[in-house]
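Fold and geometry: a report
The residues making up each chain are set out below.
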Amino acid sequence: MSSNAGAPVFVSSEATSSVFDWGAAIAGVQDAYSVPIDPSALPSRSIANGVGAWIRTLPAIPATGRYFGAKVMAMAPGAPDPGVEYVIVLFDRDTSRLVAFVDGNLVTGYRTAATSAAALDRLVAPGSYSLGVLGSGLEASMHTRAIASIRSLERVTVYSPTPERREAFAATIAAELGVEVVPVGEPRAAVEASDVVVAAARSRAEQPILFGDWLAPGSTVCSIGSTIPQQREIDVSVVERCDLIVCDALDEVLNETGDMLAARDAGIEFRHKSISLAELLGGAAADRVSAASLPMFKSVGGGLQDVVVAGLVLDEARRRGLTTPLPIKFDTKH
């Protein structure tokens, strides 16, 4: 055994991409949310803003699995080459030791889409569906792959404001999934004939990109782009029309996201038709779910999702020998 045995390891985005599995991630998220969750194990995200920089921390101690930890992300906007970098720090519950640093960029995309798919798996009955996607970036492509892993897709229609990007998205996803992908020049065209609609293209002007009268009867909405009060993605008419709103972090979605704050300001009542992802996956809201005719899953993301998915990635990367041992040792305080 090397002298570095027991030292923390690093898991790169390249390793993450090599080992990631949608089925395992979706099942892991479903398991984590289907058991009772102590609120103190999932504190609200912490954001610090200072002179020329910001840093955000999302801690979590899942009730399931071996690992606990936090995702940390930060940026100094005034730097010569500013950009956000993410790291997920994992501790081992069995040993109480810091065991890994996982590059959080890809994990963030994976866990967001896996969480949406975990919810949609309970909201959308088994069968074959048409998917409408608003957006052509990382989250849009991740969600399309995740949904394709749980349901058969007859057709994907994608809108993005940049023709080259939506054309590239269509070519990539069609080749990868073997499904017809149609790029369209208007967002409504991607929505009105779709059974499942994914909104993953928050506008630069923070104006809504999805409206309630576009939605076909019986469709299901997934909205992931409004996570703080200043952000907008869906119109208040979507909030009004959906008869069940599932939130990964109930209080945070309802009280701290721009879409829901706008709906509240417009006098739309939604608290009575909102449930948590834990209620959905734990079965506590089964009757309400079965009665819903136009449900929506709305997500802000969270540390629980980061830790669960990063832990799965770590275990598989270790199994395949794709982790990078770090020549470091931490002092342990007893």
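Residues numbered from 1 in each chain as written. Predicted model: local features only at pLDDT ≥ 70, side-chain atom pairs only at ≥ 80, totals over all residues. Heavy atoms only, no water.

1. Comments concerning empty space enclosed by the protein
If you roll a probe as big as a water molecule over the atoms, it shows you where there is empty space left. Scanning the entire structure with this criterion turns up one cavity of 30 Å³ or more. Considering only enclosed or pocket space, the largest cavity measures out at about 40 Å³ in volume. Forming the boundary of the largest cavity are Leu120, Val124, Tyr129, Ile147, Ile150, Arg151, Leu153 and Val196. Residue classes in the lining of the largest cavity are distributed as seven nonpolar, no polar and one charged. (1 Å grid on protein atoms, 1.4 Å probe; cavity = no way out; pocket = protein on both sides within 12 Å on 5 of 7 lines; lining within 4 Å. Points joined across faces, edges and corners; volume = space filled by probe spheres on them. Nonpolar A, V, L, I, M, F, W, Y, C, P; charged D, E, K, R; others polar.)

2. A few points about the packing of helix H4 (residues 138-150) against helix H5 (residues 163-177)
It is the contact of H4 with H5, at a shortest axis distance of 11 Å, that shows an interaxial angle of 25°. Between H4 and H5, the crossing angle belongs to the class labelled roughly parallel. By crossing handedness, the relation of H4 to H5 is classed as right-handed. Here H4 contributes Ala140, Ser141, Thr144, Arg145 and Ala148 to the contact with H5, which in turn contributes Phe169, Thr172, Ile173, Glu176 and Leu177. A breakdown of the residues in the contact of H4 with H5 according to their chemical character gives five nonpolar, three polar and two charged. (Axes fitted to C-alpha atoms, helices over the stretch in contact; angles between N-to-C directions. Helix = DSSP H or I, 4+ residues; strand = E, 2+ residues; numbered from the N terminus. Parallel < 35°, antiparallel > 145°, perpendicular 65-115°, else oblique. Left-handed = near helix turned anticlockwise from the far one by under 90°. Contact = heavy atoms within 4.5 Å.)

3. Points about the pairing of strand S4 (residues 67-75)
By the bridge criterion, seven bridges tie strand S3 (residues 53-60) to S4 in an arrangement that is antiparallel. Residue pairing across strands places Arg56 opposite Met73, the latter belonging to S4. Turn length for the S3-S4 hairpin, with the two strands adjacent in sequence and antiparallel, is six residues, and the turn residue Gly65 shows positive phi of about 80°. (Pairing = 2+ DSSP bridges.)

4. Some details on helix H9 (residues 258-265)
Extensive coverage of H9 is indicated by the burial of six of its eight residues. Buried within H9 are the following residues: Gly258, Asp259, Met260, Leu261, Ala262 and Ala263. Here the buried face of H9 lies against strand S11 (220-223), helix H7 (236-241), strand S12 (244-247), helix H8 (250-256) and strand S14 (295-298). One or two positions beyond H9, positive phi appears at Gly267, with a value near 80°. (Buried < 20%, exposed > 50% of the residue type's maximum accessible area, 1.4 Å probe, protein only.)

5. Overview of unusual backbone geometry
Positioned with a positive phi, Ser96 is a non-glycine residue whose angle comes to about 65°. Turning to its location among the elements, Ser96 is positioned in the loop between strand S5 (85-92) and strand S6 (98-103).

6. Re the sheet that holds S14
With parallel pairing, the eight strands of this open sheet are ordered in space as S9-S8-S7-S10-S11-S14-S12-S13. Each edge of the open sheet carries a strand with a single partner, namely strand S9 (180-184) and strand S13 (274-276). This sheet shows a mean twist of 20° between the axes of neighbouring strands, independent of strand direction. Pairing between S11 and S14: three bridges, direction parallel. Paired with Ser223 across the bridge in S14 is Lys298.

7. Quick look at the sheet that holds strand S1 (residues 9-11)
A sheet is described by the order of its strands in space; here seven strands give the open sequence S2-S3-S4-S5-S6-S1-S15, paired in mixed fashion. On the outer flanks of this sheet lie strand S2 (46-50) and strand S15 (324-325), each paired with one strand and no other. Docked against the sheet, helix H3 (residues 104-123) engages S3, S4, S5 and S6, running at close to 80° with respect to S5. Seen against the sheet, helix H12 (residues 303-319) touches S1, S3, S4, S5 and S6 and runs at an angle of roughly 110° to S4.

8. Some remarks on the packing of helix H2 (residues 22-33) against H3
Closest axis-to-axis distance for the H2/H3 pair is 8 Å, and the angle between their directions is 70°. When the interaxial angle is binned, H2 and H3 end up roughly perpendicular. In the crossing of H2 with H3, the sense of the turn from one axis to the other is right-handed. Contact residues: Trp22, Ala25, Ile26, Val29 and Gln30 in H2; Tyr110, Ala113, Ala114, Thr115, Ala117, Ala118, Asp121 and Arg122 in H3. A breakdown of the residues in the contact of H2 with H3 according to their chemical character gives nine nonpolar, two polar and two charged.

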